[in-house]
Amino acid sequence: MPQASSLFTRLEYRVADRLFHTRWLLPRSPRTQRLTLRLFKRCAEAGHPDALSVYGHMLFHRSSSPQDKARGARYVVEAAHAGDLKAQYQVAKIYEHGCAQYPRRDEYAVTWYARAAEAGHYLAAERLARAYRQGELGLAVDAEQAAYWQDLADQRAKLQTSATV
């Protein structure tokens, strides 16, 4: 039965994603927003990596309660461990700035930025380039490393630009 449940979870996620990104499908009513969040929550609780990333990001950045923010951070970390590129970048930011559940840890931030950058996230590569240029995140100033990460960022940005054209 897990396969049927997984199929249903993927279907629910697609519906939630469409509701979230398509303005013309249904009006942006509070009822539609509640339905979308409920679907994302169910999918995240079922372990869907994209739902963990999206719903976790929403909880972490938009919730007012510390419990919801902590749950959002936990979901984002789970999605990052599952290989979600955007979640890896968000985890790096969480560790760079710290929060109640995940205190500031520069070495973890560098690790997650590097994972995201090497997987294709150009903003992560740009952040590492800046960190090496300016000696941030506990890194020593290193022009060679800064150039490496900046080149990677430029390559990733070109690929992203050409993919959207």
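Residues numbered from 1 in each chain as written. Predicted model: local features only at pLDDT ≥ 70, side-chain atom pairs only at ≥ 80, totals over all residues. Heavy atoms only, no water.

Colleague: Got a sec to walk through the packing of helix α3 (residues 49-62) against helix α5 (residues 85-97)? Specific residues and values, please.
Modeller: Following both chains from N to C, one finds α3 and α5 inclined at 30 degrees, their axes separated by 10 Å at the closest point. Our classification of the angle between α3 and α5 gives roughly parallel. Note on packing geometry: the crossing formed by α3 with α5 is left-handed. Listed contacts from α5 to Ser-53, His-57, Phe-60 and His-61 of α3 are Lys-86, Ala-87, Gln-90 and Ile-94. Grouping the amino acids of the contact of α3 with α5 by side-chain chemistry returns three nonpolar, four polar and one charged. (Axes fitted to C-alpha atoms, helices over the stretch in contact; angles between N-to-C directions. Helix = DSSP H or I, 4+ residues; strand = E, 2+ residues; numbered from the N terminus. Parallel < 35°, antiparallel > 145°, perpendicular 65-115°, else oblique. Left-handed = near helix turned anticlockwise from the far one by under 90°. Contact = heavy atoms within 4.5 Å. Nonpolar A, V, L, I, M, F, W, Y, C, P; charged D, E, K, R; others polar.)

Colleague: Could you give an account of the packing of aromatic side chains, with specific residues and numbers?
Modeller: One pass over the structure, following the stated rule, counts six aromatic pairs. Considering the side-chain rings of Tyr-148 and Trp-149, the 4.9 Å spacing of their centres and the 75 degrees angle between planes classify their relative orientation as edge-to-face. Given the relative accessible area of 42%, Tyr-148 is considered partly exposed. Ring pairs connect the aromatic residues Tyr-95, Tyr-102 and Tyr-108, which therefore count as one cluster. Over the ring of Tyr-108 we find Arg-105; its NZ or CZ atom is 4.2 Å from the centre of that ring. The cationic tip of Arg-115 hangs over the ring face of Trp-112; the distance from NZ or CZ to the ring centre is 4.2 Å. (Phe/Tyr/Trp six-rings, centres within 6.5 Å; stacked < 30°, edge-to-face > 60°. Buried < 20%, exposed > 50% of the residue type's maximum accessible area, 1.4 Å probe, protein only. Lys NZ or Arg CZ within 6 Å of the ring centre and 35° of its normal.)

Functional significance is not addressed by these values, which are geometric in nature.
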